[in-house]
Amino acid sequence: MFGEFARGCRQCQLGIKSVLFITGICPLNCFYCPVSRDRFGKDVMFINDRPVSKFPDDIIDELDRAGSNGLAITGGDPIMVVDRVVELVRLLKDTYGRDFHIHMYTHVLNINEDAIKKLAGSGIDEVRIHAVNPAQLSGKLGLLKMLKDAGIELGLEVPALPRFENDIVKVAELLINNGLISFVNINELDVSPANINNLISMGYKPGPDGSVIGSIDAGIKIATEIRRRWPWISVNVCTSRYKDLAQIGARLFRINMRVSGGDEVVLDDGTVESRGEGGVVIKLRIGNREYDVESG
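Basis of the calculations
- Residues take numbers from 1 onward in each chain, read along the sequence in its written order.
- Local features in a predicted model are, by the rule used here, given only for residues with pLDDT of at least 70; side-chain atom pairs are given and counted only at 80 or more, and totals for whole chains, interfaces and linings are based on all residues.
- As a convention, hydrogens and water are excluded, and side-chain values are obtained from all of the structure's heavy atoms.
- Two rings from Phe, Tyr or Trp (for Trp, the six-membered ring) form a pair when their centres are within 6.5 Å of each other. A pair whose planes differ by under 30 degrees is stacked, one over 60 is edge-to-face, and the rest are tilted.
- Runs of H or I in DSSP of at least four residues are treated as helices and runs of E of at least two as strands, each being numbered from the N terminus.
- For each residue, the accessible area found with a 1.4 Å probe, counting protein chains only, is set against the maximum for its type, and the residue is called buried under 20%, exposed over 50%, and partly exposed in between.
- As a reminder, the over-ring test applies to NZ of lysine and CZ of arginine, requiring each to be within 6 Å of the ring centre and within 35 degrees of the ring normal.
- Strands are labelled as partners when DSSP assigns at least two bridges between them.
- We define a polar contact as two N or O atoms separated by no more than 3.5 Å, with the added condition that, inside protein, one atom must be a possible hydrogen donor and the other a possible acceptor, whereas residues neighbouring each other in sequence contribute only through side-chain atom pairs.
- Residue contacts are defined here by distance: any two heavy atoms, one from each residue, within 4.5 Å place the two residues in contact.
- Definition of nonpolar core: a set of buried residues of the types Ala, Val, Leu, Ile, Met, Phe, Trp, Tyr and Cys, connected through side-chain atoms within 4.5 Å.
- To get an axis, a line is fitted to the C-alpha atoms, and for a helix only the part in contact is used. The angle between two axes follows their N-to-C directions and goes from 0 to 180 degrees.
- Roughly parallel here means an angle under 35 degrees, roughly antiparallel means over 145, roughly perpendicular means 65 to 115, and every remaining angle is called oblique.
- Under this grouping Gly is polar, as are all residues other than the nonpolar Ala, Val, Leu, Ile, Met, Phe, Trp, Tyr, Cys and Pro and the charged Asp, Glu, Lys and Arg.

> What should I look at first to understand the packing of aromatic side chains in this one?
Each aromatic ring pair is described using two quantities: the centre-to-centre distance and the angle formed by the ring planes. If you walk through the whole model with that rule in mind, you get five aromatic pairs. Ring centres of Phe 21 and Phe 46 lie 6.4 Å apart, and the angle between their planes is 65°; on these two criteria the pair is classed as edge-to-face. Of this pair, Phe 21 sits in strand E1 (residues 17-23) while Phe 46 sits in strand E2 (residues 46-47), placing them 25 residues apart in sequence. An identical accessibility class is assigned to Phe 21 and Phe 46; each is buried. With 5.0 Å between their ring centres and 85° between their planes, Phe 31 and Tyr 32 make a pair best called edge-to-face. Pairwise contacts between aromatic rings join Phe 31, Tyr 32, Phe 164 and Tyr 204 into one cluster. The ring of Phe 21 has Arg 39 lying over it, and the distance from NZ or CZ to the ring centre is 5.0 Å. The side chain of Arg 39 reaches across the aromatic face of Phe 46, ending 3.9 Å from its centre.

Set out below in structure tokens:
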């Protein structure tokens, strides 16, 4: 990490931010997209991996259950359901106050003037832009400036793609030189059933830890160059392991400390053991799933 975490990242790090998958709809087909086939292209919603069947009530219920101080909105691409995003942002700000921090992700290719105008007036705090080559920014910088002028913090968030390092630095160059972004997040490239064939066809090799071999090296190369050229920009390289242990684990730990019963023990990784007579573990809860454990 170079510089400071964005506010949304600091909240995720502490486990005090919930994650809303607001839609699986996205017209793009990025070869590295890890979104599962049962979500991608479908207008489905999940908050902290719990299905949302009643909008927005189920979201409010989960935010209260988790004791969250903010919300990250992801997809798919949330900009494809911008009216839903705006409605939710306004409701959450009214419900929890202006300090309830909300950020969302969008691919720059999907933004348009109508959607940007709606988003600019929504009260959202932070928008994270996805772009992996400078050509994708063609004709889009003016739209991003509308968000910036509305007081919304902008950042670049991309996967660490080996062989795309120079292109990603050029994307950052355009955004920084136009005064649009204050931070860059580079995420280790995850392997999933949805993208593994595409990744292999691109010459990438899945590693034993579920990420692409060489991805972290690519991320560090990108981060080092950005920080060398623009030392005032905060740059963070986020590993898959860190997301799992620090972010997801911290959120699970916080939730389970709030909702666990008297016969349950919350472990450091956020999982929960249910104990019977004599302290014997009889059930293990991981997230929203519960598993029977054979004693002895």
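> Looking at this structure, I do not really get the sheet that holds strand E5 (residues 101-107). What am I missing?
Two modes of strand pairing occur in sheets, parallel and antiparallel, and in both the strands are linked by backbone hydrogen bonds. Strands sit in the order E3-E2-E1-E4-E5-E6-E7-E8-E9 across an open sheet of nine strands; the sheet is mixed. Lying at the two open borders of the sheet, with one neighbouring strand each, are strand E3 (50-51) and strand E9 (234-238). With two bridges joining them, E2 and E3 adopt antiparallel strand pairing. The partner of Ile 47 across the bridge, within E3, is Arg 50.

> I would appreciate a short explanation of the side chain of His 130 in the present structure.
Residue position: His 130 is located in strand E6 (residues 126-130). A residue is classified by how much of its surface remains accessible, and His 130, at 17% relative accessible area, is buried. In terms of polar contacts, His 130 uses its side chain to reach the side chain of Tyr 32, at 2.7 Å. When residues no more than four places from it in sequence are discounted, the contact partners of His 130 are Tyr 32, Thr 106, His 107, Val 108, Glu 157 and Pro 159.

> Could you clarify how one ought to interpret the nonpolar core in this entry?
Nonpolar side chains in soluble globular proteins tend to end up buried together. Counting 64 residues, the largest nonpolar core has Leu 71, Leu 119, Val 127 and Ile 226 as its most contacted members. The next biggest cluster of nonpolar side chains, apart from the first, holds seven residues, and it includes Leu 28, Val 35, Phe 40 and Phe 46.

> I tried to follow the packing of helix H4 (residues 113-120) against helix H5 (residues 141-149) on my own but got confused; where do I start?
Helix-helix packing is characterised by the crossing angle of the two axes and by the distance between the axes. Between H4 and H5, the shortest axis-to-axis distance is 9 Å and the interhelical angle comes to 10°. If you check the angle between H4 and H5, you find them roughly parallel. Of the residues in H5, those in contact with Glu 113, Ile 116, Lys 117, Leu 119 and Ala 120 of H4 are Leu 143, Met 146 and Leu 147. Here the contact of H4 with H5 is built from residues that sort into six nonpolar, no polar and two charged.

Without other data, these values stay purely geometric and don't point to any function.
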